[in-house]
Amino acid sequence: MPRWLDYVRWTVLGVLAAFIVVLLASARLITDWLWFSQLGYGTLWVRPILWRLGVGGVSGLFVALFLAVNLWLTGGRLRQALLHLQERVPQWGGMLWLNRAIVFISIAGGLISGSYFASHWPTVAQGVAGGAFGVADPLHGADIGFYLFKLPLYELVLPFALVLTLLTTLVTAAIYALSGSVSLQRWAIDLETRAKRHLAALIALAALLFAAGCRLAAYRLVYSTRGILYGAGYTDVHVTLPALWAMTGLSALIAALVVIHAFRPIRRWITSAVTVLVAGGILGTGIVPGLVQEFVVGPNELEKELPYIADHIAMTRLAYGLAHLQQRDYDPEGTLTPELVRAHAQTLANIRLWDYRPLLATYSQLQELRPYYDFIEVDVDRYTVGDEYRQVMIAARELTSASLQNRSWVNLHLQYTHGYGVVISPVNEVDARGLPRFWVSDIPPQGLEDLRVLRPQIYYGEQEADYVIVRTRRPEFDYPLGDDNATTFYQGSGGVPVGGWLRRVLFAVRLGTTRLLFSNDITPESRIMLYRPIMTRLTKLAPFLRFDRDPYLVLSEGRLFWIADAYTSSSRFPYAAPTPGWGNYVRNSVKAVIDAYNGSVDFYVVDEEPVIAALSRIYPGVFKPISAMPEDLRRHLRYPEELFRLQAQVLTRYHMTNPQVFYNQEDVWELPKEVYERSEVEMEPYYVITRLPGEEREEFILMLPFTPLGKGNMVAWLAARNDGDSYGELVLYRFGKQDVTFGPLQFEARVNQDTEISRELTLWSQQGSRVIRGNLIIVPIADTLLYVEPLFLQAEQGEIPELKRVIVGTGHDLVMRPTFWEALSALVGEDVQERPAPREVVQPEAAPRPVDQDNLEPDKDLANLSSLVERAVFFFDEAQRAAGRGDWSAYGQALDRLGDVLLQLRDLHQESM
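Cut-offs used in this document
Residues numbered from 1 in each chain as written. Predicted model: local features only at pLDDT ≥ 70, side-chain atom pairs only at ≥ 80, totals over all residues. Heavy atoms only, no water. Salt bridge = Lys/Arg side-chain N within 4 Å of Asp/Glu carboxyl O. Helix = DSSP H or I, 4+ residues; strand = E, 2+ residues; numbered from the N terminus. pLDDT = per-residue confidence, 0-100. Contact = heavy atoms within 4.5 Å. Buried < 20%, exposed > 50% of the residue type's maximum accessible area, 1.4 Å probe, protein only. Pairing = 2+ DSSP bridges. Axes fitted to C-alpha atoms, helices over the stretch in contact; angles between N-to-C directions. Core = buried A, V, L, I, M, F, W, Y, C linked by side-chain atoms within 4.5 Å. Phe/Tyr/Trp six-rings, centres within 6.5 Å; stacked < 30°, edge-to-face > 60°. Lys NZ or Arg CZ within 6 Å of the ring centre and 35° of its normal.

1. A look at the pattern of salt bridges
For the coordinates displayed, the defined rule picks out 35 salt bridges. Residues R220 and E155 are paired through a salt bridge, measuring 3.2 Å at the closest nitrogen-oxygen approach. Here the residue R220 occupies a position in the loop between α7 (193-219) and α8 (234-261), and E155 occupies one in helix α6 (residues 144-178), the gap between them amounting to 65 residues. For R773, the salt bridge is made with E748, and the minimal N-O distance between the two is 2.6 Å. Pair noted here: R773 is in strand β30 (residues 770-773) and E748 is in helix α22 (residues 744-753), with a separation of 25 residues, a long-range link. Because the salt bridges share partners, they merge into one network encompassing R328, E695, E699, R721 and E729.

In structure tokens form, the structure reads like this:
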């Protein structure tokens, strides 16, 4: 074989090997690009890369040019020395070495600098894109936007520029010394004119950068922690700030003196100015402020700090969204009467009895139906059912692949691909056994006409889930059907198309499996679903947002969606008190909506504040106005509980707007405690449908009471409105200081002291039952407060908590009865029980499934005899399984349902006679 042919062969093999290595190394990068593009968010993938390249390139080029110019100028004298040396020793090659050194140092410095700034590109991007808040800080009068956007950018660039200049000055001086441009004349340093002017320019630049640093330090006083509060105090304003101003001016003067010295010697002036600068810095920013704080401010703290306390309060309330908080007086000393009960029937019909914690266990036992299904959490929402505005509990039935008995690759990634359906129950309806009354349940979903589920498959949810491949030749498991399984083929737009062999290879490398390459079930039309857990999905798309930990499920027009709240936050708000983990500025700016079937994500802006405005400029086309959200989804927006809790915590101190009262901490509140099971826990904010005092209609609100620090009585409660144009409004209802209103723990103590209730609780415990005291709900009814606490019983060997009693009380009385309406009737001394009309249950169009036993109505349009027999077999199997695991409550429920189906069979038989 000719040598040239052998050379060509090895070259081709080398190129092919290099291509394969690059392809393998970039598999995740390319597949991520495909994933972003499939979702329509290529901008979110491309923009960070472009910003990194742009910021790194510009900064690296600037630094490289800066170093090159200075080294070239410095090397002039050294170059002459090397030329003389090279004339004597021709083989020396010093000139070539010098030129290469200049190029190498410049490029290396540029690369290091570019890498540094590229890693901080978000700071640069927000500094460029950030706008104004329209609010000035109290100290400098600068817009808040300067502190959030511009100041971080300046703080990034300035120290780097100063260090670069100082290092360049030292290297330059060393080169001049080596080249003979520096000499000692009578204990004084003598420089050649060119060297003197060059070094003077660098030193003057360093002095100007130091002056700019002093100016920025003056701005940073708004974050001072020297005084009693966060932000500039008396000492900062009257001592440190003047010192920093003086240092700024003196540094600029030194820069000018250095430049003059390059042409006319004034060494003593420079020495004196530097001495004054150093001494002034030590005294003015270190020693004197400490002495003033200790001996001037300390003995007269309130007098000196009073105006700065007012600034601190105002800016903290603004930073946490409390500046426009509405405050109303509330006197809960009224009496609950039958007339008042009837006037607030809609509120009372929505009192939440079901605590989400025992209800989750109940859902799991009654509605998971198979070991591989799981309910992760139960959410609270509201729906219009018929003409009634009702509060409900809702949970998604998700697939847990870890619970599959056969965890083969085909089962995990091709066949068991999705969860199925939801469970919805009203917050206050209970059947005779103490179990929830379902409005939507079972598989396939059946329930009320207004809550019809047309697309029950859940490919994207809260459960941790690996990738799946859909639209393959192999049918997917859809839902259990007696002893058989229903199957389906994916019809949506979710997932990245597999495409040809190159994509297959990329995905196989990324996912670490060769089965994707050789499976006969996968076609070019198959689609790979990545990042299926919704929180992973959102943080991958928008890592610059902070997402609420509790996304919630919404049924809208027959489809299932997840809504997640997203926050913009910062730690750079002037004067505002910081909160660990949050910073000192937060807004719920965005609502993210995820389609549970397709995985599509939409970001809707609900608060057009400056931070999200800057992000919109950085990522154009990503955020949509809230007006673009479908109207039915907008009806389900909730004020986020996590933000509400944070604001309530801040409000425990910052409801005091009088600086003197705040300084003395005369009226500090705390978030109350309640009893859950048998332990004291911090009370959680809770959603209720109620009519706020002074309003004309019921609405969905989030509320939480306050108690004085270390006391049990209630002094106020905070409400966040959720409906219509009032969404996001915060209202604080404050009680009169002379009134004593029972707080949550005080009401719990009254329950414990009630002899009848205590006797019954003790009896249940002695019988081996676990007594669970659920969420205490306190609801305003006109000018009185209604306290409601459910009691759940769970058998010692059982797994289903049952709602057995409801405690209802006011500030004067309390009673316990088997149902809420019985308890309320006993409380007001008159029968006010509401008896809801039966609601029609809609059967699924797909294979007939069991119906809700409490809302059963024979349906003459159901499928034929075989479908009823199929249901009967299904319930018989369910009863057998329940008996096998000792779950006698589930066993009884399955038998009840079996009886209902048998009655339908009898009716069908009689009609056919």
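What follows picks up the thread again.
2. Re the confidence of the model for the protein
Fine structural detail should not be taken from predicted coordinates in areas where pLDDT scores are low. A residue-level look at the protein finds 89% of positions with pLDDT of 70 or above and a mean pLDDT of 88. Across residues 845-863 the pLDDT falls below 50, and counting only partners more than four positions away or on other chains, this stretch makes 56 contacts in the model.

3. Notes on the pairing of strand β26 (residues 686-690)
Extensive coverage of β26 is indicated by the burial of five of its five residues. Side-chain alternation along β26 places Y686, V688 and T690 on one buried face and Y687 and I689 on a second face that is also buried. Both β26 and strand β27 (residues 699-708) contribute to a ladder of five bridges, which runs antiparallel. In the sheet register, I689 faces β27, and the bridge partner there is F700.

4. With respect to the packing of helix α9 (residues 267-297) against helix α10 (residues 301-319)
Packed helix pairs are specified by the crossing angle of their axes together with the interaxial distance, meaning the distance between the axes. Where α9 contacts α10, the axes come no closer than 9 Å and their chain directions differ by 115°. Along its contact with α9, which presents Q293, V296 and V297, the element α10 presents E301, K304 and E305.

5. Description of the nonpolar core
For soluble globular proteins, nonpolar side chains are generally found buried alongside one another. Of all hydrophobic cores here, the largest spans 236 residues; its most connected members are F603, F706, W717, L786, F820 and L824. When residues of this core are assigned to their parent elements, the largest contribution, 11 residues, is made by α8. Counting residues in hydrophobic clusters, the runner-up holds 13 residues, among them L369, L399, Y416 and L481.

6. Structural notes on the sheet that holds strand β16 (residues 527-529)
The antiparallel open sheet is built from three strands, whose spatial order is β12-β16-β15. Edge positions in the sheet fall to β12 (468-470) and β15 (496-497), since each has one partner strand and no second. Inspection of the sheet shows β15 paired to β16 by two bridges, in the antiparallel sense. Directly across from V496, in β16, lies its bridge partner I528.

7. Here's the deal with the packing of aromatic side chains
With the rule as written, the count across this model stands at 42 aromatic pairs. Measuring from ring centre to ring centre gives 6.1 Å for F146 and Y154, while their planes differ by 55°; the resulting arrangement is tilted. Looking at F146, the relative accessible area reads 17%, which means it is buried. Taking relative accessible area as the criterion, Y154 reaches 39% and is therefore assigned partly exposed. Each member of the aromatic cluster is reached from another via a ring pair, and the members are F146, Y147, Y154, Y219, Y223 and Y230. Against the face of Y676 rests R357, its NZ or CZ located 3.6 Å from the ring centre. R504 extends its terminal NZ or CZ atom over the ring of W501, reaching a point 5.3 Å from the ring centre.

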